[in-house]
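One-letter residues, chain by chain:
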Amino acid sequence: MKLTVASSPHIRGNFRTSRIMMDVVLALMPALAVGAFVLGVRALLVTAVCVVSAVAAEWAYSLATKSRQTIVDGSAVVTGVLLALTLPHTIPLWQAVLGSVFAIVVAKALCGGLGQNVFNPALAGRAFLMLISPLGMTRYQGLDGVTSATPLHHMVFPELPSESVLDMFLGKCPGSIGELSALALLAGGVYLVIRKVISPRIPVAYLGCVAVLTLVFHKTNAPLQWMLYSLFSGGVMLGAIFMATDYATSPATAMGQWIFGVGCGVLTVVFRYYGIFPEGVTYAILLMNAFVWVIDRYTAPRRFGVKKGGAKQ
Amino acid sequence: MKRLFFGGIHPKYNKEMSTGITEFKSIAPKQVVIPMQQHIGAPCTPMVQKGNLVKLGQKIGDGEGLCVPVHASVSGKVVAVEPRPHTSGRDVMAVVIENDFQDTAVEMVGCDDPIEKMDKDAVLHAIREAGIVGMGGAAFPGNVKALSSMGNVDTLIANACECEPYITADDSLLRTNPEQVLKGMRILGTVLQPQRIVLAVEDNKAQAIEKLKTLLPDYPQIEMKVLPTRYPQGAEKQLVQSVTGREVLPGKLPVSVGCAVFNVSTFAAIYRAVRKGMPLTQRIVTISGEAIAQPQNFIVRIGTPFHDLVAAAGGLNDKTERVISGGPMMGFAQKDLSVPVIKATNSILCLLKDVNGAAENPVCLRCGKCVGVCPMLLQPLYMYRFVNSGRLDELQRLNLMDCMECGSCAFTCPGKLPLVETFRKGKGLLREASKK
């Protein structure tokens, strides 16, 4: 009998990369379902195109660079779904393909691959599409098939959207495929927290910060409604729960995650209030992504046995 | 549930595997291999030669400095004094004794003085002469720890956490011979005069706790603290934190915060040494794991080769992948089953191939789970990165040397990174650099 001599520990938990990716995809399904139900079957087509092109890009990149094939880890599927959920369902399919390829190849693989990328790949893909096709990215159709303004467009004026808060919570409003229903997104978030895939710190800090800022600096004379519309419109739910919690592009320390969430929240409100686009989530998160390493460094837990500041107990 | 120490994990404990058989068989080995190094410190020098006849309990090796003697665990004839494979992976000088199965013992004289009249120096001397070391795994000489704790500690802790999965040796001791442990605690309590004497046990040992509850009224100076089970609570620094809330300073021992921690098996050995004059020649060893036919606890003579225990437990499964000395989290994988049980061997663990084992291509997702489970408040993901890129300045900043290799991070890592292995390598680099 040949005995293996290897380092401890000799047992490991059953938490696996592929399981995490599977859980994230599952958690996104309610949001996708609402998107398909409200916007029609083209939402599913766009999603399928994004997933297939993301996986194909991952496969082709590994092949072209003669590196290890990494599609089995499932992360390309997650990137594909996430990108699709940030797109309007009317987007030309070639743009969906382009965004996916950019996300996988430029934002992830060229940065060193899984876990090494600085910027969230799906959001980088979306930002890229915003640059090359601002019109394609903002042409939203209403429930009647006519091009219309999203609730967020109303809020620029500023006025409260015509939809009721409840409709927006459930997703009966125009918008990107995955951002319609706060309820569906929250359900996915709760699932991820229960499965211990994410900690609630970043979403709580992010959404809490947006809530407080929009309540205090409300733009209509109905502060509470203004706050609720701010939370349920646009991509802030999708961003806070699924984008800002991306492992590679968010801090690893508990304190860092709180700071990161608050930073994303502040920037989102600032960009929404002062930016040229109605939405600010994408750029808020991408900008905060750049600070992840420095946040981790300065929020390192204190040393065991030494109080903060280096004083002995 | 309130956390008494930082981080930690809940592995599958599998303790019930080895607690089914309650009658502990003693193993009578044909030959024992007694290494001259069974403790932290200087090795013993052999005091016998090939051909000598030795008695059970006879001192066969001793040395100067940080060193405690070793004794013959059987009576018989010395057939070799030579380096032999040791659980540490190196060959270590050992005395090999052919058992004559007579158990002809040396005269053993214990101290009958009432507890309050015991002479402290005599107790420390008896502990040393009995060759007592920390039996939880670290194997620090018992008399040295006791001496350095005298006048410096207000809390004496008996460690019955046994937080590693599978192992039930201390649990078995508490279920069968709790009086020895409590009496040992009382003896050391008289020597150290702490304000508190605490028996710390995790709440997954219900039977032992019940038994102790019935006995504790006779030991008013001892309090039992039942702790919520979580690995690595039995690690010294974590146990001190769980029991007292104090954090041991970096690079220091528990005595730096007024605590002394001994394993419960060590207390039982101290009782036998002081009251009966018995040297440490046997201990309880768990043999367990999915790859062994009949997992159970044995009373084992020090020096018994692993293969004797494996045979007594019904043999190994053909698909056995690893045999480990110690627990699954911090134990050492063995390549050769001729290695002997030593004073600190609490378990022999036989494992099949682990389906969750290390990945072929480990990738760090930066998920940060390792940060959350580290009981020493370290950042394993960055330590891993900087060992691999050789950044010693960063490793220093990240306090890599504080890592105790408990394996909580590696257990939790979804990318299956070889974290502990890498950290050992990193510590080696730091040690080398500090020499220059």
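Above this text is the structure in question.
Cut-offs applied
- Residues take numbers from 1 onward in each chain, read along the sequence in its written order.
- For this description, chains carry letters from A and ligands carry numbers from 1, given in the order in which they are written.
- Since the coordinates come from a predicted model, pLDDT governs what is reported: local features require at least 70, and pairs of side-chain atoms require 80 or more to be given and counted, while whole-chain, interface and lining totals use all residues.
- Computation of side-chain values covers all heavy atoms of the structure but excludes hydrogens and water.
- By the criteria applied, helices consist of DSSP H or I runs no shorter than four residues and strands consist of E runs no shorter than two, each listed in order from the N terminus.
- It is over C-alpha atoms that the radius of gyration is taken, and the globule rule equals 2.2 Å times the number of residues to the power 0.38.
- Exposed residues in this analysis have more than 50% of their type's maximum accessible area, buried residues have under 20%, and partly exposed residues fall in between, with area computed by a 1.4 Å probe over protein chains only.
- In this analysis, two residues are considered to be in contact whenever any of their non-hydrogen atoms come within 4.5 Å of each other.
- Using a 1.4 Å probe, accessible areas were evaluated by the Shrake-Rupley method; residue-level cover was limited to the displayed protein chains.
- None of His or the chain ends enter the tally, which takes Lys and Arg as positive and Asp and Glu as negative.
- In this description, the location of a charge corresponds to atom NZ of lysine, CZ of arginine, CG of aspartate or CD of glutamate.
- Patches here are clusters of residues that have more than 30% relative accessible area and form no salt bridge, with a 9 Å joining cutoff for like charges and a 5 Å cutoff for nonpolar side chains (Val, Leu, Ile, Met, Phe, Trp, Tyr).
- The term salt bridge refers to a side-chain nitrogen of Lys or Arg lying within 4 Å of a carboxyl oxygen of Asp or Glu.
- Among buried residues, the Ala, Val, Leu, Ile, Met, Phe, Trp, Tyr and Cys ones that are joined through side-chain atoms within 4.5 Å form a nonpolar core.
- Once two parts are put together, the accessible area they lose, assessed with a 1.4 Å probe and summed over both, is termed the buried area.
- In protein, a polar contact requires one atom able to donate a hydrogen and another able to accept it; more generally it is a pair of N or O atoms within 3.5 Å, and residues adjacent in sequence count only if both atoms are side-chain atoms.
- A pair of strands is treated as paired once DSSP finds two or more bridges between them.
- A fitted line through C-alpha atoms serves as each axis, taken over the contacting stretch for helices, and the angle formed by two N-to-C directions is quoted from 0 to 180°.

J.: Go over the overall build of chain A with me, naming the residues and quoting the values.
T.: Summing up its helical and strand segments, chain A has 15 helices and 0 strands in all. Taken over C-alpha atoms, the radius of gyration comes to 20 Å for chain A, in line with the 20 Å a tight globule of 313 residues would show. With the C-alpha coordinates aligned to their principal axes, the bounding extent of chain A is approximately 70 × 55 × 30 Å. Counting over 313 residues, chain A shows a buried share of 56%. Residue pairs at least 24 apart in sequence account for 73% of intrachain contacts in chain A once pairs closer than 6 positions are excluded. Total accessible area on chain A stands at roughly 13,100 Å², and carbon and sulfur atoms take up 71% of it. The positive charge centre, built from 22 side chains, and the negative charge centre, built from 11, are 18 Å apart in chain A.

J.: So what about a negative patch on the surface? Which residues, and what values?
T.: Residue and element names in this part refer to chain B. A contiguous patch of negative charge on the surface is contributed by Asp112, Asp113, Asp119 and Asp121. In this structure, Asp113 sits in the loop between β8 (91-99) and α1 (120-129). Take Asp113: its relative accessible area is 36%, and that puts it in the partly exposed class.

J.: How would you sum up the nonpolar core? Please name residues and give values.
T.: As a rule of thumb, soluble globular proteins bury nonpolar side chains together. The biggest cluster of nonpolar side chains holds 78 residues, and the ones touching the most others in it are Leu87, Tyr206 and Phe242 of chain A. When residues in this core are grouped by element, the largest group, 11 residues, is from helix α1 (residues 17-39) of chain A. Discounting residues that sit within four places of it in the chain, Phe242 of chain A has contacts with Val24, Ala27, Leu28, Leu82, Leu185, Gly188, Gly189, Leu192 and Met237 of chain A. Counting residues in each nonpolar core, the second largest holds 46 residues, with Ile132, Tyr219, Ile222 and Ala269 of chain B among its members.

J.: Residues and numbers for the interface of chain B and chain A, please.
T.: On the chain A side, the residues contacting the 65 residues of chain B number 44 residues. Broken down residue by residue, the surface that chain B buries against chain A is led by Glu247, Leu365 and Arg366 of chain B, which jointly contribute 15%. Across the contact surface, chain B and chain A share 4 salt bridges. The partner of Arg303 of chain A in a salt bridge is Asp402 of chain B, with the nearest N and O atoms 2.7 Å apart. Between the two partners, chain B and chain A, sit 24 residue pairs in polar contact (both at pLDDT 80 or more). Of all elements in the fold, only α6 (236-244), β15 (320-325), β16 (332-334), α9 (369-373), α10 (380-388), α11 (392-397), α12 (408-412) and α13 (419-435) of chain B reach the threshold of two or more residues within the side of chain B that touches chain A.

J.: Pulling in residues and values, what's your account of the environment of Pro83 of chain B?
T.: Residue and element names in this part refer to chain B. Relative to the assigned elements, Pro83 resides in strand β7 (residues 76-85). Using a relative accessible area of 47% as the deciding quantity, one classes Pro83 as partly exposed. In this structure the C-alpha to C-alpha distance between Pro83 and Glu179, which are 96 residues apart in sequence, comes to 38 Å. Setting aside anything within four residues of it in sequence, one finds Pro83 in contact with Asp91, Val92, Met93 and Ala94.

J.: Residue-level account of the sheet that holds strand β12 (residues 259-263) of chain B, with values.
T.: Backbone hydrogen bonds are what pair the strands of a sheet, in a parallel or an antiparallel way. Residues and elements named next belong to chain B. In spatial order, the strands read β11-β10-β9-β12; together these 4 strands make up an open sheet with parallel pairing. Two strands bound the open sheet, and with one partner strand each, they are β11 (222-227) and β12. With direction set aside, neighbouring strand axes in the sheet form an average angle of 25°. Here helix α5 (residues 206-215) sits on the sheet in contact with β10 (196-202) and β11, set at roughly 160° to β11.

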